[in-house]
Amino acid sequence: MNLLIKVCGMTDGDNIRQVEALGVDYIGLVFYPRSPRFVYQMPSYLPQQARPVGVFVNESKETVLTYADRFGLDCVQLHGDESPLYCRALREGHGLTVIKAFHLATPRDLAATDDYHGVCDYFLFESKTPQRGGTGRQFDWTLLNRYTGQTPFFLSGGLNAGSARAIRQFRHPQLAGIDLNSRFETSPGIKDVERIRLFLKELKEYH
């Protein structure tokens, strides 16, 4: 099982370059003004090998497309209350890869994915908290035993340097990748490159 690796919430060009050099697949840029990881100016370097992902919360399609054009995005991650119709419009109308985030605590939260099959490329499952993303909290992964959908997903929420073994022991036919964020930072938006490198090494060794 080869997992896709996504590192989210990056803001600094040199930091992006160093993390990309580790061989990660996706690098997330947050365009949500209330986030401490908000990208308020163009970084000095944007990923060339990893795919840049724009992270949005309840933005208009026009705003998303403006950022996609400016930052060269072909993938977006949606963390708000975006409808299936909205996701379909970005995916089919504008050719963007769409990752839709769902905040899980109960089976009812998981049932919310039902209307999004076929209009998203991936789901992202993370902890249900009052804030949007980067909470550093892990939800109960056994909840995903109830997930029988065909849309592949990223596992997120509270993953840290000690999570490698648990990730490799977790089995689900639709597990596509993992999303690393706040537990791999020296400060909001700045990732600890060595911590990520050691984590990826350990993850590979457990394979």
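A quick note: this is a predicted structure, and the numbers were derived from the prediction, not measured.

## Details of the pairing of strand β3 (residues 51-56)
- By the criterion of burial, β3 is predominantly enclosed, with five of the six residues buried.
- For strand β2 (residues 26-30) and β3, the ladder comprises five bridges, and the chain directions are parallel. In the strand pairing of β3, Ile-27 is matched with Pro-52.
- Read as a crossover between parallel neighbours, the route from β3 over helix α2 (residues 61-71) to strand β4 (residues 75-78) is right-handed.

## Considering the side chain of Arg-37
- Structurally, the position occupied by Arg-37 is in the loop between β2 and β3.
- The exposure class of Arg-37 is buried, given its relative accessible area of 8%.
- Side chain to side chain, Arg-37 and Asn-181 meet in a polar contact 3.3 Å long.

## Brief notes about the sheet that holds strand β7 (residues 153-155)
- The parallel closed barrel is built from eight strands, whose spatial order is β1-β2-β3-β4-β5-β6-β7-β8. On average, each strand axis in the sheet is inclined to that of its neighbour by 30°, with strand direction left out of account.
- For β3 and β4, the ladder comprises four bridges, and the chain directions are parallel. In the sheet register, Val-55 faces β4, and the bridge partner there is Gln-77.

The rules behind these values
- Residues numbered from 1 in each chain as written.
- Predicted model: local features only at pLDDT ≥ 70, side-chain atom pairs only at ≥ 80, totals over all residues.
- Heavy atoms only, no water.
- Buried < 20%, exposed > 50% of the residue type's maximum accessible area, 1.4 Å probe, protein only.
- Helix = DSSP H or I, 4+ residues; strand = E, 2+ residues; numbered from the N terminus.
- Pairing = 2+ DSSP bridges.
- Right-handed = clockwise from strand over helix to strand, strands pointing away.
- Polar contact = N/O pair within 3.5 Å; in protein donor to acceptor, adjacent residues only side chain to side chain.
- Axes fitted to C-alpha atoms, helices over the stretch in contact; angles between N-to-C directions.

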